[in-house]
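Each chain is listed here by its residues.
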Amino acid sequence: MNIPYTVETRPDTGLANGKLGIWLFLASEVMLFGALFSTYIILRTGAVEWPHGELSVLLGAINTVILISSSVTMVMAWASLKMNEWSKHRLYLILTFVLAGVFLVNKYFEYSEHLALGEGPWASTFLAIYFTLTGLHGLHIVGGMVVMAYFIGPGAKMAKTSPDQFTNRIEYTGLYWHFVDLVWIFLFPLLYLL
Amino acid sequence: MHSDPAEVKKTVRKYFMIGAALLVFTGITVAANLIHLAVPLAITVALIIATIKGSMVAAVFMHLNHEKKWIYASLMLTVVFFIVLLFVPLLTISDTIGTHISAPGAPAHAGDGAGQRD
């Protein structure tokens, strides 16, 4: 059975179903992270004192640079497909995947350093919200990597059988990935600098 | 969003320029932190820069600068609920900010006048 409107746009919305679907999913993600940002504000404003300088600004800034760069490579992976440059698409998608991996390696070192000092999420309110927010964000990075690995590996076959649908799928993956980058853009100053 | 390959080709340069601008703004955020501004000013500066960066990602990388009205409509609804989510819980504690709250049965706090009984 063929699923309708995977490539062609619906006459009522002017969108392919997947496009509206990914945006509705991202809307739910906004509410998920919104709840945690709201929690952060309540904890922060209600706290008598708030720790400053507990996190490595250098590592946080490096991870920001990594995620911004990965957003550029992700959008280029989609643009390359649109321009029918398959090898460039592969290069950019693999680069995005690698950058995501480097982000997680950095996070691993950061977490290990804190845990070695006994600074787990149980140690303070600040560390609890830090581990919750960055942990959830890290899970989103892992989710993005799984999807990218699929399109680098077995999912790439679709580029031959249904190239337009494959391009759309890469676009939706990109929308998700940019959202993950966007969340980090706010997490970095809130947790590392303020 | 662009579907014509020629149009996409024109935007490639823009993607790299936005990427570079985002890196510059990241540098500015870190530099602003190094000069140790007063806390309210530091929070304002950091959040303004983060909002500018977030808008650039949403507008250019996520193509929100030219999308269909259904997507704008669903996002407007999300923004309304996001603002409610962010600020309504704050109202419930706005009258107790900065005050010490003790659990029932907990020893009296030193600042609560426990030392003034005699």
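Coordinates for the structure precede this section.
Participant: Mind showing me how you'd approach the overall build of chain B here?
Facilitator: On a plain count of helices and strands, chain B comes out with three helices and zero strands. From first element to last, N terminus to C terminus, chain B shows the α and β order α-α-α. For chain B, the residues scored as buried account for 29% of the 118 residues in total. For chain B, restricting intrachain contacts to residue pairs at least 6 apart in sequence, the fraction spanning at least 24 positions comes to 57%. Total accessible area computed for chain B in this model is approximately 7700 Å², and 71% of it derives from carbon and sulfur atoms.

Participant: How should I be thinking about the interface of chain B and chain A in this particular structure?
Facilitator: A common way to report how large an interface is uses the accessible area buried once the components associate. Listed by partner, the interface residues are 46 residues for chain B and 47 residues for chain A. Each partner contributes to the roughly 4200 Å² buried at the junction of chain B and chain A, and carbon and sulfur atoms together form 82% of this total. Looking at the side of chain B facing chain A, the largest losses of area belong to Phe61, Met62 and Trp70 of chain B, adding up to 14% of the total buried there. Taken together, chain B and chain A are joined by one salt bridge. Put simply, Lys19 of chain A and Glu67 of chain B hold a salt bridge, and the shortest N to O gap is 2.8 Å. The tally of links between chain B and chain A comes to two residue pairs in polar contact (both at pLDDT 80 or more). When residues in the side of chain B that touches chain A are grouped by element, the largest group, 13 residues, is from helix 1 (residues 5–34) of chain B. Of the residues in the side of chain B that touches chain A, the class split is 30 nonpolar, 12 polar and four charged.

Participant: Where do I start with helix 3 (residues 86–116) of chain A in this structure?
Facilitator: Relative to the 45 Å expected for 31 residues at 1.5 Å per residue, helix 3 of chain A spans 45 Å between its end C-alpha atoms, a close match to the ideal helical length. For helix 3 of chain A, the full list of buried residues reads His89, Tyr92, Leu93, Thr96, Leu99, Ala100, Gly101, Phe103, Asn106, Lys107, Glu110 and His114 of chain A. Where the residues of helix 3 of chain A are buried, they touch helix 2 (57–82), helix 4 (125–152) and helix 6 (163–193) of chain A together with helix 1 of chain B. Residue Gly118 of chain A follows helix 3 of chain A closely and has a positive phi angle near 75°.

Participant: Would you take a moment to explain a nonpolar patch on the surface for this structure?
Facilitator: Together, Val80, Val84, Val88 and Leu91 of chain B make up a nonpolar patch on the protein surface, roughly 350 Å² of accessible area in all. Take Val80 of chain B: it is sitting in helix 3 (residues 69–93).

Participant: What exactly am I supposed to notice about unusual backbone geometry here?
Facilitator: Excluding glycine, a negative phi dihedral is what most residues carry, and trans is how most peptide bonds are arranged. Of note, Asn84 of chain A is a non-glycine position whose phi angle comes to about 60°, a positive value. Along the chain, Asn84 of chain A falls in the loop between helix 2 and helix 3. One non-glycine residue, His63 of chain B, lies in positive phi territory at about 60°. With respect to the element layout, His63 of chain B can be found in the loop between helix 2 (39–61) and helix 3.

Participant: Please explain the packing of aromatic side chains as it appears in this structure.
Facilitator: Ring pairs (aromatic) are described by centroid distance and by the angle formed between their planes. Residue and element names in this part refer to chain A. This model, assessed by the stated rule, comprises 17 aromatic pairs over all chains. Look at Phe126 and Tyr130: their rings are 6.4 Å apart centre to centre, the planes differ by 15°, and that puts the pair in the stacked class. Pair noted here: Phe126 and Tyr130 are both in helix 4, with a separation of four residues, about one helical turn. With respect to burial, Phe126 and Tyr130 carry one shared label: buried. In this structure an aromatic cluster arises from ring pairing among Tyr40, Trp50, Phe103, Tyr111, Phe126, Tyr130, Phe131, Trp184, Phe188 and Tyr192.

Analysis parameters
- Numbering of residues begins from 1 in every chain and follows the order in which that chain's sequence is written.
- Here chains are named by letter from A upward and ligands by number from 1 upward, in the order in which they appear as written.
- The model is predicted, so local features are restricted to residues of pLDDT at least 70 and side-chain atom pairs to those at 80 or more, both for listing and for counting; the totals for chains, interfaces and linings are taken over all residues.
- As a rule here, side-chain values cover all heavy atoms of the structure and leave hydrogens and water aside.
- Each helix corresponds to a stretch of at least 4 residues labelled H or I by DSSP, and each strand to a stretch of at least 2 residues labelled E; elements are numbered beginning at the N terminus.
- Classification of residues uses two cut-offs on accessible area relative to the type maximum, computed with a 1.4 Å probe and protein chains only: under 20% is buried, over 50% is exposed, and between them is partly exposed.
- By the convention used here, residues are in contact when the closest approach between their heavy atoms is within 4.5 Å.
- Residue exposure ignores everything except the shown protein chains as possible cover, and the areas themselves are Shrake-Rupley values with a 1.4 Å probe.
- Here's the idea: put two parts together, see how much 1.4 Å probe accessible area each one loses, and the total over both is what we call buried area.
- By salt bridge we mean one thing: a side-chain nitrogen of Lys or Arg within 4 Å of a carboxyl oxygen of Asp or Glu.
- We call two N or O atoms a polar contact when they sit within 3.5 Å, provided that within protein one can donate a hydrogen and the other can accept it, with sequence-adjacent residues counted only if both atoms are side-chain atoms.
- Only Asp, Glu, Lys and Arg are considered charged in this grouping, and only Ala, Val, Leu, Ile, Met, Phe, Trp, Tyr, Cys and Pro are considered nonpolar; every other residue, Gly among them, is considered polar.
- Any helix carries an expected span of 1.5 Å times its number of residues minus one.
- Every patch collects residues that have over 30% relative accessible area and no salt bridge, joining them within 9 Å if they carry like charges and within 5 Å if they are nonpolar side chains (Val, Leu, Ile, Met, Phe, Trp, Tyr).
- Pairing of aromatic side chains requires ring centres within 6.5 Å, counting the rings of Phe and Tyr and the six-membered ring of Trp. Pairs whose planes differ by under 30 degrees are stacked, by over 60 edge-to-face, and all others tilted.

Such coordinate-based values are descriptive only and should not be taken to indicate function.
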